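Next come the chains, spelled out residue by residue.
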Amino acid sequence: MDHINSAVETLVSSSNTLFILLGAIMVFAMHAGFAFLEVGTVRHKNQVNALVKIMTDFAVSALVYFFVGYQIAYGVTFFDSAEVLSANNGYELVKFFFLMTFAAAIPAIISGGVAERAKFYPMLISAAVIVGLVYPFFEGIIWNGNYGFQDWLEANYGASFHDFAGSVVVHGVGGWVALAAILLLGTRNGRFRQGKLVAFAPSNIPFLALGAWILCIGWFGFNVMSAQTLDGVSGLVAVNSLMAMVGGVLTAMLIGKNDPGFIHNGPLAGLVAVCAGSDVMHPIGALITGGIAGILFTVLFTWIQQKLHSVDDVLGVWPLHGICGAWGGIAAGIFGSSSLGGLGGVSFTAQLIGTLAGVGVALLGGFVVYGAVKAISGLRLTEEEEFNGADLSIHKIGSIGKE
């Protein structure tokens, strides 16, 4: 009997390790989606920079999260021997890999907002501090119960803050940190003439669409594998993600008047919003959540471009991740309730407070980190470098070679 029990435990352990590894790989692949979404949106002279930023941000994020961030969030270090680390089929190591791909999404989100005018190394250093300190601070509060915030919410409002896959923890934080960086950077040169918007059209719609498709596919690993163990996997999460995605597509199509940029960002808005409550909502609630997110993104992005001249958000990461992420945190408290067909166990007040806390931490952290780096080294390319484009100014090569 002991032999059978041991064999079952080994099977469970190895299955859980494989499950979360597949999730890590799917979320890792999403970074290609971030890259091509940015490549397709920015002008030709900034395409190489977009690709390089996503790759190097990922590498730096992995390093700082391994040595600093993961310990801040979960109190776990990796300074034991390989024999210790490989216990249970190395599940704890793969769990780190999975959560690190989430952490690395923060600078990938920020990258799209600050595109076309930001210095390379100052932004890379800023990303390292955000991923190493700011993000894991809030991640640990929500996902590891640090500092008693979740206990306080549960004691006072009947439930802790529920964010199953990171509408606020990942996307909201990324979007609101990006807003701070965008405001400190200022608008791109030539963006406005005599107070009127000068449209910088996307350079490559097929690349933009490819990025959106890669993100949509990888997102099912982002959400479903957030269960982190095989016995926690739920088809409800998968179908809720699907319904929110299509809801975002359709409302963005209608409100955005068939614009391909809106249509390909609409599903991302829906998926951002459903992360928090994907494990507790009814699929119809997820559809509504995603549909509202598609509207929020389309309307706010248009408003920012036309009216809010101080916010030059190239990819619209603040409305997409910041606003739709915050909406997702609140929506989990609405459509996750049993009265609206959800599984319950959520509190609207707790969701609102938790969401506002995430926004506050992100804004404060963003202004402190990017403000300090701006004061020390500056964040922005010179006017001439920006005119020539980040590709030639930083990387000395364009996206298309000349024969």
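Every value quoted in this text rests on a predicted model; they were computed, and no experiment measured them.

A. Spatial organisation of the nonpolar core. If you look at the biggest cluster of nonpolar residues, it comprises 107 residues, and the most contacted ones within it are Tyr65, Tyr135, Trp219, Phe222 and Tyr370. Tallying contributions element by element places helix α8 (residues 167–185) first for this core, with 12 residues. Excluding residues that lie within four positions of it along the chain, tyrosine 370 makes contacts with Ile110, Met123, Ser126, Ala127, Ile130, Val177, Ala181, Leu184 and Leu379.

B. Fine view of the packing of helix α9 (residues 205–224) against helix α10 (residues 235–255). Between α9 and α10, whose axes approach to 9 Å, the crossing angle comes to 140°. In terms of orientation, α9 lies oblique with respect to α10. As α9 packs across α10, the resulting crossing turns out to be right-handed. Between α9 and α10, the residues in contact are Cys216, Phe220, Asn223 and Val224 and Val237, Ala238, Ser241, Leu242 and Met245, respectively.

C. How the structure looks around the packing of aromatic side chains. In total, this model carries 25 aromatic pairs according to the counting rule given. Between the aromatic rings of tyrosine 65 and tyrosine 70, the centroid separation amounts to 5.6 Å while the plane-to-plane angle is 70°, which identifies the pairing as edge-to-face. What makes tyrosine 65 buried here is its relative accessible area of 0%. Measuring from ring centre to ring centre gives 6.2 Å for phenylalanine 67 and phenylalanine 79, while their planes differ by 35°; the resulting arrangement is tilted. Of this pair, phenylalanine 67 sits in helix α2 (residues 47–74) while phenylalanine 79 sits in the loop between α2 and α3 (82–85), placing them 12 residues apart in sequence. Look at phenylalanine 67 and you get partly exposed, because its relative accessible area is 41%.

D. Layout of the packing of helix α5 (residues 105–113) against α8. Contact geometry for α5 and α8: axes closest at 8 Å, N-to-C directions at 40°. Classified by the angle between their axes, α5 and α8 sit oblique to one another. Between α5 and α8 the crossing geometry is right-handed. Touching Ala105, Ile106, Ile109, Ile110 and Gly113 of α5 are Val169, Val170, His171, Val173, Gly174, Gly175, Val177, Ala178, Ala181 and Ile182, all from α8.

E. Main features of the environment of glycine 325. Among the secondary structure elements, glycine 325 is positioned in helix α13 (residues 317–335). Distance in space between the C-alpha atoms of glycine 325 and valine 246 is 17 Å, their sequence separation being 79 residues. In this structure glycine 325 touches Ser167, Val168, Gly172, Val272 and Leu320, once residues within four positions along its chain are discounted.

F. Quick look at unusual backbone geometry. Even without being a glycine, asparagine 89 presents a positive backbone phi close to 60°. Along the chain, asparagine 89 turns up in helix α4 (residues 87–103).

G. Quick peek at the pattern of salt bridges. The final tally for this structure, using the stated rule, is six salt bridges. The salt bridge involving glutamate 116 is made with arginine 43; its shortest N-O contact spans 3.0 Å. Taken together, the positions of glutamate 116 in the loop between α5 and α6 (120–143) and arginine 43 in the loop between α1 (2–41) and α2 put the pair 73 residues apart, joining distant regions of the chain. For the pair formed by glutamate 116 and arginine 43, the shared burial category is buried. The partner of arginine 188 in a salt bridge is aspartate 312, with the nearest N and O atoms 2.8 Å apart. Residue arginine 188 is found in the loop between α8 and β1 (192–193), and its partner aspartate 312 is found in the loop between α12 (283–306) and α13; the two are separated by 124 residues along the sequence.

Conventions and cut-offs
Residues numbered from 1 in each chain as written. Predicted model: local features only at pLDDT ≥ 70, side-chain atom pairs only at ≥ 80, totals over all residues. Heavy atoms only, no water. Core = buried A, V, L, I, M, F, W, Y, C linked by side-chain atoms within 4.5 Å. Buried < 20%, exposed > 50% of the residue type's maximum accessible area, 1.4 Å probe, protein only. Helix = DSSP H or I, 4+ residues; strand = E, 2+ residues; numbered from the N terminus. Contact = heavy atoms within 4.5 Å. Axes fitted to C-alpha atoms, helices over the stretch in contact; angles between N-to-C directions. Parallel < 35°, antiparallel > 145°, perpendicular 65-115°, else oblique. Left-handed = near helix turned anticlockwise from the far one by under 90°. Phe/Tyr/Trp six-rings, centres within 6.5 Å; stacked < 30°, edge-to-face > 60°. Salt bridge = Lys/Arg side-chain N within 4 Å of Asp/Glu carboxyl O.

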